[in-house]
Amino acid sequence: AEQPVPAEPKAAKPTTPKVLTCENVSKRPAPGVCGVLEKAPRADPNDARTKQAIAVWRRLEGPFSALSGRESALVVLSSEARMGEGASAEPLPPAAFICPGAPPTVYVPGTLLALLDDGSPRRAKAYPEDFLAFVIGHELAHRMNDLTPDGCQLAAFQRPGKGVHEEELADSRSAFFMTNAGFSASKIARRDLVTKFLEAEFSLGRAQTKGRRQALL
């Protein structure tokens, strides 16, 4: 008797990678720190430091959007903004933040702006405007690295830094953005302002910031 001819195995259907979306992200309640920042009091728009932060962001946002095609927004927070409630509430740390949204928003607290050089001879240890450009550029780099084009948060393993070298990658991209905007990344690197800032404000040791300094250099 003739043996039946075995049927050829069916070819597997090609799989289409899932598209990451973030529908109605602006309507969802923001979690954690972003929820605090969203509700925090805004700075006076007529304040000189607020105007300075907006001007720096606008200069950086140009090369950033030209390269990435992504939108972002800026909010300058009052020095009165607090983390926590009641007697345990503390001022926001002097660091910028970026939060998912439509579009994602960079938050700059007054505590950071208070550290900048205002021309006073008594502020010899103050940070130059180039440092503010570096910090905002760093957050815009996280906009590119950590979020989808529509503003949704990527998981750590999906990001270019894979959750390991995220800060170094954001530093090096910030150097690119700020240089294109006319600020001096070399001044920040030569004076090692990133390490000094992290040591002074966040008590981090040089061993912990060595990779970031190298990325900026």
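Everything below is about the structure shown above.
Caption draft 1: Local environment of the overall build of the chain. A count of helical and extended segments in the chain gives eight helices and five strands. Starting at the N terminus and walking to the C terminus, you meet the elements of the chain as α-α-β-β-β-β-β-α-α-α-α-α-α. Relative to its 217 residues, the chain shows a buried fraction of 42%. For the chain, contacts bridging at least 24 residues in sequence account for 67% of all contacts bridging at least 6. Accessible surface, the chain: about 12,700 Å² in total, of which carbon and sulfur atoms supply 54%.

Caption draft 2: Structural view of the side chain of Arg70. Tracing the backbone through its elements, the reader meets Arg70 in the loop between helix H2 (48–68) and strand S1 (73–77). At 3.2 Å, the side chain of Arg70 forms a polar contact with the backbone oxygen of Arg143. Within the local environment of Arg70, its side chain forms a polar contact with the backbone oxygen of Met144, the two atoms lying 3.3 Å apart. In contact with Arg70, not counting residues within four places along its chain, are Phe64, Ser65, Arg143, Met144, Leu147, Thr148 and Pro149.

Caption draft 3: A look at the sheet that holds S1. Spatially, the three strands line up as an open sheet ordered S1-S5-S4, and their pairing is mixed. At either margin of the open sheet sits one strand with a lone partner, and together these are S1 and strand S4 (97–99). Neighbour-to-neighbour, the strand axes of the sheet open up by a mean angle of 25°, direction not taken into account. Note: S1 against strand S5 (residues 105–109), five bridges, orientation parallel. For Leu77, the partnering residue across the bridge sits in S5 and is Pro109. Sheet strands touched by helix H1 (residues 32–39): S1, S4 and S5. Its angle to S4, the strand with the most contacts, is close to 95°.

Caption draft 4: Summary view of the packing of H2 against helix H4 (residues 129–146). Look at H2 against H4: their axes get within 9 Å of each other, and the N-to-C directions meet at 40°. One element, H2, and the other, H4, form an angle in the oblique class. Crossing hand, H2 versus H4: right-handed. Where H2 approaches H4, its residues Gln52, Ala53, Val56, Trp57, Arg59, Leu60, Glu61, Phe64, Leu67 and Ser68 are matched on the opposing element by Glu129, Leu132, Ala133, Ile136, Gly137, Leu140, Arg143 and Met144. In terms of residue class, the contact of H2 with H4 is made up of 11 nonpolar, three polar and four charged.

What counts and how
- Residues numbered from 1 in each chain as written.
- Predicted model: local features only at pLDDT ≥ 70, side-chain atom pairs only at ≥ 80, totals over all residues.
- Heavy atoms only, no water.
- Helix = DSSP H or I, 4+ residues; strand = E, 2+ residues; numbered from the N terminus.
- Buried < 20%, exposed > 50% of the residue type's maximum accessible area, 1.4 Å probe, protein only.
- Contact = heavy atoms within 4.5 Å.
- Areas by Shrake-Rupley, 256 points an atom, 1.4 Å probe, with all protein chains shown as cover.
- Polar contact = N/O pair within 3.5 Å; in protein donor to acceptor, adjacent residues only side chain to side chain.
- Pairing = 2+ DSSP bridges.
- Axes fitted to C-alpha atoms, helices over the stretch in contact; angles between N-to-C directions.
- Parallel < 35°, antiparallel > 145°, perpendicular 65-115°, else oblique.
- Left-handed = near helix turned anticlockwise from the far one by under 90°.
- Nonpolar A, V, L, I, M, F, W, Y, C, P; charged D, E, K, R; others polar.

Don't take any of this as a statement about function, it's just geometry.
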